[in-house]
Amino acid sequence: KAREWYEKAAEAGNARAAWKLGDLLQPYASEQAHDWYQKAAAGGELHAALRLGDYYRDSDPDKARTYYQAAASLREPEARYKLAEILRTSDPAAARSWYRKAALEGYDQTDSAAKAAETLGNIYRHGENVAKNLTEAYSWYSRAATIPAEMALATMYENGEGVEADPVRARQHYRRAIENYEYSSAELTASDKIAVALAYQKHADLADADTPAEERKADYRQSLRFGNDAAIDKLRALGEPADDINRLLDERKNTTTP
């Protein structure tokens, strides 16, 4: 029913309706969606320009860049982040500027804003086409609060990278990476799954001497469930029975998610 009314409005020249119609059609009729996005963009609907940037991102990066540049005036993190992504190699300075705008615009911590902040952290931490600046990296990672950002902060504290080495702070950030997973409804990416597996292991590794063995074993079990076989030796060292370890491995084999 929504499609019917959007189509009537779009055919009458309403650009916003054309954009909404494109979104409804996109999952199962991408070419029809593309046509409506073009009509919407021609009518001044910049959200449609953002969708057209996505459409051309792989096949025609220059055209995608043009659409993303138009959409960036929406002052929405998604458009600014995607423009930065497409500029990252060809124009690093401009990319950093757009990442910054996306990160700072996202006061509500949208996914794109968080990703932009995380990317800036990576750029400054590794000196990607800019002077290495660990203080700047720390600041952006702290703003991002994503799983990879928390892992980066944990590693920095564990290794004394740009900050004074502090295993307690490192452990806190590994715990935050785990909580990011536990409280999120989003599906884990493959890289996030690997990160969470390591976070569980590190959270146990860095526990102080007063931490009960059972608490550490619980972390190692979770690490193993996420695919980290290094946790097997950790569990053995804490006296976990071989049968219990094998049961975890069987459980992991028969499930697609932890």
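See the structure shown above.
What counts and how
Residues numbered from 1 in each chain as written. Predicted model: local features only at pLDDT ≥ 70, side-chain atom pairs only at ≥ 80, totals over all residues. Heavy atoms only, no water. Core = buried A, V, L, I, M, F, W, Y, C linked by side-chain atoms within 4.5 Å. Buried < 20%, exposed > 50% of the residue type's maximum accessible area, 1.4 Å probe, protein only. Contact = heavy atoms within 4.5 Å. Helix = DSSP H or I, 4+ residues; strand = E, 2+ residues; numbered from the N terminus. Expected span 1.5 Å × (residues − 1). Salt bridge = Lys/Arg side-chain N within 4 Å of Asp/Glu carboxyl O. Phe/Tyr/Trp six-rings, centres within 6.5 Å; stacked < 30°, edge-to-face > 60°.

Draft legend 1. How the structure looks around the nonpolar core. The biggest cluster of nonpolar side chains holds 42 residues, and the ones touching the most others in it are Tyr99 and Tyr141. Not counting the four nearest positions on each side in its chain, Tyr141 is found in contact with Ala117, Glu118, Gly121, Asn122, Arg125, Ala149, Ala152, Leu153 and Met156. By size, the runner-up hydrophobic cluster in this structure holds 14 residues, among which are Ile147, Ala195, Val196 and Phe226.

Draft legend 2. Geometry of the environment of Ala230. As for its placement among the helices and strands, Ala230 is situated in helix α14 (residues 230-237). Take Ala230: its relative accessible area is 39%, and that puts it in the partly exposed class. Ala230 sits 220 residues away from Ala10 along the chain, and the two C-alpha atoms are 57 Å apart.

Draft legend 3. Representation of helix α13 (residues 213-225) within the structure. Relative to the 18 Å expected for 13 residues at 1.5 Å per residue, α13 spans 18 Å between its end C-alpha atoms, a close match to the ideal helical length. Residues of α13 that are buried: Lys217, Asp219, Tyr220, Arg221, Ser223 and Leu224. Residues of α13 that are buried make contact with α12 (190-205), α14 and α15 (242-253). Directly after α13, the chain includes Gly227, whose backbone phi takes a positive value near 105 degrees.

Draft legend 4. Up close: unusual backbone geometry. One non-glycine residue, Asn129, lies in the positive phi region at around 60 degrees. Looking at where Asn129 falls in the secondary structure, it is placed in the loop between α8 (111-126) and α9 (134-144). For Asn129, a relative accessible area of 53% corresponds to the exposed category. Even without a glycine there, the phi angle at Ala145 is positive, about 60 degrees. Following the sequence through the fold, Ala145 ends up in the loop between α9 and α10 (147-159).

Draft legend 5. Up close: the pattern of salt bridges. A full pass over the atoms with the stated rule returns 25 salt bridges. Sharing partners across several salt bridges, the network here consists of Asp23, Arg51, Asp54, Arg57, Glu78 and Lys82.

Draft legend 6. Representation of the packing of aromatic side chains in the model. Summed over all chains, the structure comprises six aromatic pairs. Geometrically, the ring pair formed by Tyr138 and Tyr157 is edge-to-face, given 6.0 Å between the ring centres and 80 degrees between the ring planes. Here the residue Tyr138 occupies a position in helix α9, and Tyr157 occupies one in helix α10, the gap between them amounting to 19 residues. In this structure Tyr138 comes out as partly exposed when scored by relative accessible area, which is 22%. Owing to a relative accessible area of 7%, Tyr157 belongs among the buried residues under this scheme. Between the aromatic rings of Tyr181 and Phe226, the centroid separation amounts to 5.1 Å while the plane-to-plane angle is 90 degrees, which identifies the pairing as edge-to-face. Here Tyr181 is found in helix α11 (residues 167-182), whereas its partner Phe226 is found in the loop between α13 and α14, with 45 residues between them in sequence.

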